[in-house]
Amino acid sequence: MGRIEDFNGLAAKWAERELIACCAAPRWARLLVAGRPYPDRAALLAAADAANAQLTWPEVRAAVDAHPRIGQRPDGQRREDRWSRGEQSGLDGATEPARAAIAEATVEYERRFGHRFLVCATGRSDTQLLAALRDRLGNDPDIEQAVVREELRRIAALRIGKLLDEPA
């Protein structure tokens, strides 16, 4: 899409669509669109953080559910599918035992918390992702909800950067 000026100039429905690729929480996207124009990237990212903090847990859950499970990279051609494949590229060289351990820990996580495991996977290897999964299994549900919200915030911030860095 391009620069902050390009984002500011989009029609509201198009800006919302672009933002939903960054975080699949419609109210989050509407809040950001309503805050335009942004003077710079930092202001947009600050607004994204503030909007994330306003989301209810059901809204966070819905956004989390839009992400593929760790290790199940989407093969679609949507922007968010391409981004997800890149974000999970640390699993490209994972062995079958490592993939099986991640899948097993993911099932355990979902059984314990009732939702998908969400982590900002960018730059993380299979062993780091498995360690994060196992570590977070020890969280109590309230702590884990806070961690999930923070991971969603981090992913959205990275994706906003990608959105603004794409050629117009």
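Here is a short report on the structure shown in this document. Note that this is a predicted model, so its numbers are computed, not measured. (Residues numbered from 1 in each chain as written. Predicted model: local features only at pLDDT ≥ 70, side-chain atom pairs only at ≥ 80, totals over all residues. Heavy atoms only, no water.)

A few points about the overall build of the protein chain
Per the secondary structure count, the protein chain includes 9 helices and 0 strands. Shown N-terminal to C-terminal, the secondary structure of the protein chain runs as helices and strands in the order α-α-α-α-α-α-α-α-α. With the principal axes as the frame, the protein chain shows a C-alpha extent of 50 × 35 × 25 Å. Burial status across the protein chain gives 43% buried among its 168 residues. In the protein chain, the share of contacts with a sequence separation of at least 24, taken over all contacts with a separation of at least 6, comes to 70%. (Helix = DSSP H or I, 4+ residues; strand = E, 2+ residues; numbered from the N terminus. Buried < 20%, exposed > 50% of the residue type's maximum accessible area, 1.4 Å probe, protein only. Contact = heavy atoms within 4.5 Å.)

Observations concerning the packing of aromatic side chains
Enumeration over the complete set of coordinates arrives at 3 aromatic pairs. Ring centres 6.4 Å apart and planes at 25° place the aromatic pair Phe7 and Tyr38 in the stacked group. Of the two residues, Phe7 sits in helix α1 (residues 4–9) while Tyr38 sits in the loop between α3 (26–34) and α4 (41–54), which places them 31 residues apart along the sequence. Aromatic pair Tyr109 and Phe117: ring centres 5.1 Å apart, planes at 80°, arrangement edge-to-face. We note that Tyr109, like Phe117, is buried. Among the aromatic residues, those joined into a cluster by ring pairs are Tyr109, Phe113 and Phe117. Over the aromatic face of Phe7 sits the side chain of Arg36, whose NZ or CZ is 5.6 Å from the ring centroid. (Phe/Tyr/Trp six-rings, centres within 6.5 Å; stacked < 30°, edge-to-face > 60°. Lys NZ or Arg CZ within 6 Å of the ring centre and 35° of its normal.)

Overview of the nonpolar core
By size, the foremost hydrophobic cluster in this structure holds 48 residues, and its most contacted members are Phe7, Trp28, Leu32, Leu44 and Ile70. The set of elements that each furnish at least two residues to this core consists of α1, α2 (12–20), α3, α4, α5 (57–65), α7 (96–113), α8 (126–136) and α9 (141–165). Contact partners of Trp28, with chain neighbours within four places excluded, come to Leu19, Cys22, Cys23, Ala48, Ala51, Asn52, Leu55, Ala156 and Ile160. (Core = buried A, V, L, I, M, F, W, Y, C linked by side-chain atoms within 4.5 Å.)

Some points on the state of the cysteines
One pass over the full model with this rule turns up 0 disulfides. Considering cysteine sulfurs only, Cys23 is the nearest to Cys22, which forms no disulfide, with 8.4 Å between them. Since its relative accessible area comes to 1%, Cys22 is described here as buried. (Disulfide = S-S within 2.5 Å.)

A short note on the pattern of salt bridges
Per the stated rule, a full pass over the model turns up 13 salt bridges. Residues Arg3 and Asp6 are paired through a salt bridge, measuring 3.6 Å at the closest nitrogen-oxygen approach. Of the charged contacts, one joins Arg159 and Glu87 as a salt bridge, the two residues approaching to 2.8 Å between their closest N and O atoms. Taken together, the residues span a long stretch of sequence, with Arg159 in helix α9 and Glu87 in helix α6 (residues 79–87) at a distance of 72 residues. When its relative accessible area of 4% is taken as the criterion, Arg159 is described as buried. Residue Glu87 is classed as buried on the basis of its relative accessible area, which comes to 8%. A single salt-bridge network, built from bridges that share partners, covers Arg3, Glu5 and Asp6. (Salt bridge = Lys/Arg side-chain N within 4 Å of Asp/Glu carboxyl O.)

Some thoughts on empty space enclosed by the protein
Tallied over the entire structure, the rule returns 1 cavity of 30 Å³ or more. If you add up the space inside the largest cavity, you get close to 130 Å³. Contributing to the lining of the largest cavity are 15 residues, with His67, Glu87, Gln88, Val119 and Ile155 lying nearest its centre. The set of elements that each furnish at least two residues to the lining of the largest cavity consists of α6 and α9. Residues of the lining of the largest cavity, tallied by class, amount to 9 nonpolar, 4 polar and 2 charged. (1 Å grid on protein atoms, 1.4 Å probe; cavity = no way out; pocket = protein on both sides within 12 Å on 5 of 7 lines; lining within 4 Å. Points joined across faces, edges and corners; volume = space filled by probe spheres on them. Nonpolar A, V, L, I, M, F, W, Y, C, P; charged D, E, K, R; others polar.)

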